[in-house]
Each structure stands twice: as C-alpha cells, then as structure tokens.
Amino acid sequence: MVSREAREENTVINIRGISIGGEGVVVMAGPCAVESREQLLTAARQVKAAGGHVLRGGAFKPRTSPYSFQGMEEEGLKLLKEASEETGLPTVTEVIDEHSLQLAHDYVDIIQIGARNMQNFRLLRAAGQTDKIILLKRGLSATIEEWLMSAEYIMSEGNGKIILCERGIRTFETYTRNTLDLSAVPLVKRLSHLPVIVDPSHATGDRQLVVPMSLAAAAGGADGLIVEMHPEPSKALCDGAQSLHPGELVGLIAKLTKMMPAI
Ligand code: PEP
Ligand code: MN
C-alpha cells in the first residue's frame, strides 16, 4: 500500500495550514526533550520567530542508559499543547509504547515512532488504528525494505497519514553519530508515494554538520527536516552537542528559503 504501484501521485499530508509532501520544505524544530515550561515556551517562540513550521519536543525519551533523563511524560505533553496554543505551531512528539501513544493522542498533532521502535510491530499496528499523522523514523540498522514494511504495518491498519524520516544509519564510521543515507531520500520517493523528511541532528550528532546536511537533504528532494534546537544547547539535558543555537535555526531557514519555493 505504501508503494508507487499502489498509488502514483504523491501523498500530501495537511496539518493546520501546512502541507507536507507538496511544494517546499517543511521545517520541524525544537529541543530533543521537553525539560521545563520555560525551556519549551522559549524554544517554541524561537522556532516560530525563525519561520519554523512544526514544534518538536520529546516527552518520552528512549535513552541508552536507564539512568539518563527519561522525559517529563504527560507533564511534557501538556507543555507541548500549551506551546502550540500560544504559537499556533503544530507539534510532534515521540511515543515509545502503546500507553504513551494513547496519552500523546490528545495532546499533539504528529506522533513520532523513533528509530528504536521502527520494528515494534504492535506499536506500529496501534498507530495504524489511530487517526493521527505518524512520523516513522528509519531504524538504526534498518534496510529501506524493512523501513517501508514498517510503514506498511501502519497503513494496513487503515492509517495512510505517514511521513518517513531518514535519520542516519549505523556504519563503521565513528566521527559522526550515524551515517546520513541521503540517497535514501530520492530512492524512497521513487519507491513510495509517502513524504520523506530528514533528521540531520541524530544523523550527525554534531551541530556544525546540521546546516550543510539540511541543505543537502533539501537539494536531494526531501519534503522536510526535523532538527534539534535548544535555547541554550550547553544546558540541554539531552543531545546538546547536536542542537542548533536559536540564531543558527534562523540562518538555516533563511538559506532554505533562498534555495526552495516557500511552502
Ligand atoms: C528523537 O527524535 O528524539 C530521537 C530519539 O530520534 P531517533 O529515534 O531517530 O534516534
Ligand atoms: Mn535527540
């Protein structure tokens, strides 16, 4: 169902006046994690002022260590809703199981299934039974075939509102957090009618690489970007090294707008 054979024309996903998969590049931005009311509202205002289209913020964090900050959970979801009401920005947040999916449903516009859960088939099916837009990230070591099959799990349950996100894959290289597979963008767009976006933050783990990789993704036909930005990256509880400073997000969007038609 996700293939080009099943549907020839591109799927365009509309959310509160923004279309993803049509003309232009949608910019989703915000902190890795919701950390406090002040942090999130500040970040949301900065994303809005920079010209971003969607606010990101994790309330349930799938951390490598069980001792790392795990997210504010429902409190974080409430803050995302408040930030959205204030700025008008739609929101995206990650869910990590069926419980967090149920909770997030009423608070955010887009539900993210992260790289680590790309093959959590029960979660995929549960997401397919909702009416929400699902942002499906590519797994850490997933082939394109496996990634598309995971999208198929969602769509086969009746939900076709899926955005695919390339976020880098694990290779032998250690200088970057992952290896951004940019060729996946035009390739997946050939194989599937679904929108494809790129996460240059988790792909590289390095803020200095985020702007060049964002521009490369846009040049390669990506329908959007999801980038981490923190009001004060050095104080971030999570992923500060790859988070843009607010001014850098302004610069990125200015460069993108020069390059691409406005959405
Ligand atoms: C995230 O977007 O915060 C995240 C954890 O991403 P990924 O699943 O791509 O690692
Ligand atoms: Mn992160």
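Analysis parameters
Residues numbered from 1 in each chain as written. Chains lettered and ligands numbered in written order. Predicted model: local features only at pLDDT ≥ 70, side-chain atom pairs only at ≥ 80, totals over all residues. Core = buried A, V, L, I, M, F, W, Y, C linked by C-beta atoms within 7 Å. Buried ≥ 20, exposed ≤ 12 C-beta atoms within 10 Å, placed from the backbone. Contact = placed C-beta atoms within 7 Å. Helix = DSSP H or I, 4+ residues; strand = E, 2+ residues; numbered from the N terminus. Pairing = 2+ DSSP bridges. pLDDT = per-residue confidence, 0-100. Axes fitted to C-alpha atoms, helices over the stretch in contact; angles between N-to-C directions.

The chain goes by Phospho-2-dehydro-3-deoxyheptonate aldolase in an unreviewed UniProt entry, where it is assigned to Desulfofarcimen acetoxidans.

Engineer: How would you explain the nonpolar core if you had to name every residue and give the values?
Structural biologist: The biggest cluster of nonpolar side chains holds 79 residues, and the ones touching the most others in it are Leu136, Ile163, Leu164 and Leu225. When residues no more than four places from it in sequence are discounted, the contact partners of Leu136 are Ile113, Met118, Ser150, Ala151, Ile154, Ile162, Leu164 and Cys165.

Engineer: Quick one: what's the story with the pairing of strand 3 (residues 26–30), residue by residue and with numbers?
Structural biologist: Within a regular strand, the side chains alternate between the two sheet faces. Most of strand 3 is tucked away: five of the five residues are buried. Here strand 3 shows two buried faces, one formed by Val26, Met28 and Gly30 and the other by Val27 and Ala29. Sheet topology note: the strand 3/strand 10 (residues 224–228) ladder contains five bridges and is parallel. Within the sheet, the bridge partner assigned to Val26 lies in strand 10 and is Gly224.

Engineer: Describe in detail unusual backbone geometry, supporting the description with residues and values.
Structural biologist: We note that Arg16 has phi near 45 degrees; this positive angle belongs to a residue other than glycine. Counting through the fold element by element, Arg16 comes out in the loop between strand 1 (13–15) and strand 2 (18–20). Owing to 11 C-beta atoms within 10 Å, Arg16 belongs among the exposed residues under this scheme. Although it is not a glycine, Glu73 adopts a positive phi angle of roughly 55 degrees. With respect to the helices and strands, Glu73 occurs in the loop between strand 4 (54–56) and helix 2 (74–87).

Engineer: So what's going on with the environment of Gln129? Residues and values would help.
Structural biologist: Mapped onto the fold, Gln129 is located in the loop between helix 4 (121–128) and strand 7 (133–137). Residue Gln129 is classed as exposed on the basis of its C-beta count, with 11 C-beta atoms lying within 10 Å. Along the primary structure Gln129 and Ile154 are separated by 25 residues, whereas in three dimensions their C-alpha atoms are 7.7 Å apart. For Gln129, the residues in contact, after removing those within four places along its chain, are Glu157 and Gly158.

Engineer: Can you lay out the confidence of the model for the chain for me, pointing to particular residues and giving the numbers?
Structural biologist: For the chain, the average pLDDT comes to 97, and 99% of its residues sit at 70 or higher. Interface predicted TM-score (ipTM) for the complex: 0.99; the corresponding pTM is 0.98.

Engineer: Tell me what's going on with the sheet that holds strand 5 (residues 91–95), and back it up with residues and numbers.
Structural biologist: To summarise the sheet geometry, strands pair through backbone hydrogen bonds and adopt either a parallel or an antiparallel arrangement. The sheet built from eight strands closes into a barrel, its strands ordered 3-4-5-6-7-8-9-10 with parallel pairing. Sheet twist, expressed as the average angle between the axes of neighbouring strands with direction ignored, equals 30 degrees.

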